[in-house]
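Notes for the structure review
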Amino acid sequence: HKYVYDFAEGNKELKDLLGGKGANLAEMTNLGLPVPPGFTITTEACKAYLATGREPDGLAAQIEAHLESLEREMGRRLGDPQDPLLVSVRSGAKFSMPGMMETVLNVGLNDRSVVGLSAQAGGNDRFAWDSYRRLIQMFGKTVCDVPGEEFEHALEEAKRAKGTKNDLDLDADDLRGLVDGYKKIFAEHTGREFPQEPREQLDLAIRAVFESWNAERAVVYRRQERIPADLGTAVNVVSMVFGNLGPDSGTGVAFTRDPASGAQGIYGDYLANAQGEDVVAGIRNTVPLQELEQLDKKSYDELLGFMARLEEHYKDLCDIEFTIERGKLWMLQTRVGKRTAAAAFVIAGQLVDEGLIDPDEALHRVNGAQLAQLMFPRFRLDHEFRPVAKGIGASPGAASGKVVFTSARAVELAAEGESVILVRRETNPDDLNGMIASKGILTSRGGKTSHAAVVARGMGKTCVSGADELDVNIPAKKFTVAGQTVNEGDIVSIDGTTGKVYLGEVPVMPSEVVQYFEGSLDPEHVDNALVRAVHRIMTHADAKRRLAVRTNADTGADAARARRFGAEGIGLCRTEHMFLGDRRELVERLILARTDDERQSALAALLPLQREDFVEIFREMDGLPVTVRLIDPPLHEFLPPLEQLAVNVAVAQERGEDVAKEEALLAAVRRMHEENPMLGLRGVRLGLVIPGLFAMQVRAIAEAAVAVTRDGAVAKPEIMVPLVGAVQELETVRAEAEKIIAEVVADSGVEVLIGTMIEVPRAALTAGEIAEAAQFFSFGTNDLTQMAWGFSRDDVEGAFFWRYLELGIFGISPFESIDRDGVGRLVRIAAEEGRAARPELKLGVCGEHGGDPDSVHFFHEVGLDYVSCSPFRVPVARLEAGRAVV
Ligand code: ADP
Ligand code: MG
Ligand code: MG
């Protein structure tokens, strides 16, 4: 079994085996870039070690062989007292886990080789002892679990004694003294002397890197980032190069483009006379990479050349670690770099322009989640606002409001029409009502999978979690931050994308990308790289995609906006809002009707109102299909709540008032009260039980279509019957509807389709039969999810989903992204059997999943014709539908 690869033996495709760092070191080596020689121990070896608790057979011998050949190549032996070879031992998993695992530099130094190292460096004692003290520090901390502060305190103490804050002021003697101190700390904590044998140092460091895979923070990080727990890490053994040899040496990081904006140029930081981690550790101030040009023009030019090579090779933004040793440039790491959503679009566009990738590949490089981020409203920060704290951007958006500290207060203030921000240490299921009532949620604890974060994302609420600079005092109703006290009622603003917290109300504005979708920024003429890139990529996605994208809209205004966002019809027009407001009274009359006449007169009053609603929508959607869902929720939702009504009646009776009407209403509400309304008298069941209700709606739709057609527009109504479980239900509704349609439409040329939602599992399982009576199916994946899992969304999301996510029972809430294996299987069965029975059957989806990137890919795979989602998700769905093809 081959466990060890020389850099020359690997390549960038071998990330599973060699980890990201090892694979890319190999790639750079084979490109001829100056990488210090070394070898990689595979993730297989790590997995074997973690499974058995010991190094697998043959590993030691292979390491020995590779070390020997490295020593031959370098002309030095590991830890040799006269002329030592030193190495770094670096972790590196398949997916980058920044700062989660460990690296040890300068392995091979001991009391004797430190002298040899000094000689090697031309008698540079300071450098040699500095390197040695770093080894003891890193080795002690990572390999032997010595608390890192102990070493830091000793270093601080040495600097204090010297009267300086800069470690460069410590001379060779100071550092030799520090090494002694470090060795004592090491011995105290481990019960043994610092190991002097170089090979033992190496073996222990390798083992420590293996074990760091299961360090607690690495485990937590993987769970959060959904990185599988069983990949293991590779170990890279790399001969050391030294940036701490003097002012002509140094170390730095570089990006081939700006990872924040995507702009081309030179981005990075450089630190002279420093080793490895000093750059990120912030010990001394780094200088912008551009300044390297003055310090060392030759290395600078060479670095720029390598960066261009790497970009051309990886065809993407790369980030780089490098070190300069006495004017000689060494490349220590590269990878395709992380970037912001804006940079992802801009860079993908640039790379197409540069001919490095084609437009299909550009589509791969961006995603709907990034586009959604670019569509959230922005704070207008052209003011004097400065953040007072920064937490985790747990759920994007920009929200301002009055601070409240309890769920009850949030509900109270919201009822008065105030915008509120709920501030808690962390939230729990009791806070749910407060979270619903708030514009945003701010917590001082918890990460991306905390209760607050998960629930807020599910609700689409802005949330900043884990803002630990906040000192939250719930009983006192205040928090302090940056020396200021914020009381209940004070206004704060939170940015759920950046995690930043501001005091006061920061004004908001639509993002540029939304302005573009709205049509107020012309991509051809605006000088905005992001807008131009989004426009290009969207245009390509539209050209590629097979799925059509419709919107869920109930009003003309929503329909118009969605159309500007690219919607190609309405996939779900809910009719229930048409029964609210002043129309409630008519609904009450309908419900209380004792005779056919009373009922007919209530329906007759509703008819023209509904017709007007449809006329408006059909006009806005001129030429595009509009799917109208007949009324779905249980009727008591339109009546006053039982408790309130009962109290009113009792009070009125007490006063001796005439309560005949209220009593009748109360009786009706009692009669209609349902234990589980989600599974009660709703959807098609209403249509079958309440004579004339669906007929009125069908008539309103057909009449509106005819009216709009007469005005010269094209109406394409599709009547959708909700909650069908058996074909007989649909057939009954359909027979009545067809009669009315025939009568109304006559020879106007209007064509009305009749179809059904598939949202009850039985409908999915008998889709073949149902298709005989339906011209289209629209999957109502919200209800289908509730009914397939047997839980109601309102009851479970706040109550226990966080726990299910924590336990990994769900990777993501099944309401956010379709559960492919369960709910998705029902969709697949219904699509296949429906199409088998009726090949021209139109298939769509109108649950919220229609705007979720992963779900869109699934619906594409299953062969649906369209997805439908809220207006703001339309661009996301268009992009993802394109990505599903390429
Ligand atoms: P991380 O994955 O946390 O970035 P690395 O393994 O890349 O850890 O190493 C930490 C630091 O040490 C980096 O700055 C890296 O460039 C530096 N480093 C690693 N190996 C060597 C080496 N052989 N010579 C000089 N510097 C090194
Ligand atoms: Mg690194
Ligand atoms: Mg439904």
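Going by an unreviewed UniProt entry, the protein chain carries the name Pyruvate, phosphate dikinase and comes from Micromonospora inositola. UniProt lists a comment for the protein chain under the heading Cofactor (unreviewed entry), and it reads "Mg(2+)". Under the UniProt heading Sequence similarities (unreviewed entry), the note attached to the protein chain is "Belongs to the PEP-utilizing enzyme family."

With respect to the overall build of the protein chain
A count of helical and extended segments in the protein chain gives 36 helices and 33 strands. Here the C-alpha coordinates of the protein chain stretch approximately 110 × 65 × 55 Å along the principal axes.

Some remarks on the sheet that holds strand β7 (residues 233-239)
Pairing in this open sheet of five strands is antiparallel, and the strands run β1-β2-β7-β5-β6 from one edge to the other. Each edge of the sheet is formed by a strand with only one pairing partner; in this case those strands are β1 (4-6) and β6 (103-107). For this sheet, the mean angle separating the axes of adjacent strands, direction not counted, is 20°. Sheet topology note: the β1/strand β2 (residues 38-41) ladder contains three bridges and is antiparallel.

Some points on the UniProt feature "binding site: Mg(2+)" (unreviewed entry) in the protein chain
As recorded in UniProt, the feature "binding site: Mg(2+)" (unreviewed entry) lies at E759 and D783. Of the residues just listed, which span 25 residues, no C-alpha pair is farther apart than 5.5 Å, and they cluster in one region. Counting through the fold element by element, E759 comes out in the loop between β30 (753-758) and α29 (761-765). With sequence-adjacent residues up to four places away left out, E759 is seen in contact with L723, G780, D783 and L784. Overall, the presence of 23 C-beta atoms within 10 Å leaves D783 in the buried class.

Describing the environment of R546
On the secondary structure map, R546 appears in the loop between α20 (529-544) and β26 (548-552). Not counting the four nearest positions on each side in its chain, R546 is found in contact with H860 and V885.

A word on the sheet that holds strand β32 (residues 842-845)
Consider a sheet: its strands pair through backbone hydrogen bonds, and that pairing is either parallel or antiparallel. Around the barrel, eight strands lie side by side as β26-β27-β28-β29-β30-β31-β32-β33; this closed barrel has parallel pairing. Taken pair by pair, the neighbouring strands of this sheet meet at an average axis angle of 30°, ignoring direction. Here β26 runs beside strand β27 (residues 570-574); their pairing, made up of two bridges, is parallel. The residue bridging T551 from the neighbouring strand is I570, located in β27. Contacts from helix α34 (residues 823-837) reach β30, β31 (776-779) and β32, with the element oriented near 175° to β31.

Concerning the packing of α20 against helix α36 (residues 874-883)
A pair of packed helices is captured by two measures, namely the crossing angle of their axes and the spacing between those axes. Close contact between α20 and α36 brings their axes to 8 Å; oriented N to C, the two are set at 60°. Of the possible angle classes, the one that applies to α20 and α36 is oblique. Remark: the crossing between α20 and α36 carries left-handed chirality. On α36, the residues that touch M538, H540, A541, D542 and K544 of α20 are P875, R878, L879, A881, G882 and R883. Across the contact of α20 with α36, the residue classes tally to five nonpolar, two polar and four charged.

Parameters at a glance
Residues numbered from 1 in each chain as written. Chains lettered and ligands numbered in written order. Predicted model: local features only at pLDDT ≥ 70, side-chain atom pairs only at ≥ 80, totals over all residues. UniProt positions renumbered as here; feature names shortened; annotations may be inferred. Helix = DSSP H or I, 4+ residues; strand = E, 2+ residues; numbered from the N terminus. Pairing = 2+ DSSP bridges. Axes fitted to C-alpha atoms, helices over the stretch in contact; angles between N-to-C directions. Contact = placed C-beta atoms within 7 Å. Buried ≥ 20, exposed ≤ 12 C-beta atoms within 10 Å, placed from the backbone. Parallel < 35°, antiparallel > 145°, perpendicular 65-115°, else oblique. Left-handed = near helix turned anticlockwise from the far one by under 90°. Nonpolar A, V, L, I, M, F, W, Y, C, P; charged D, E, K, R; others polar.

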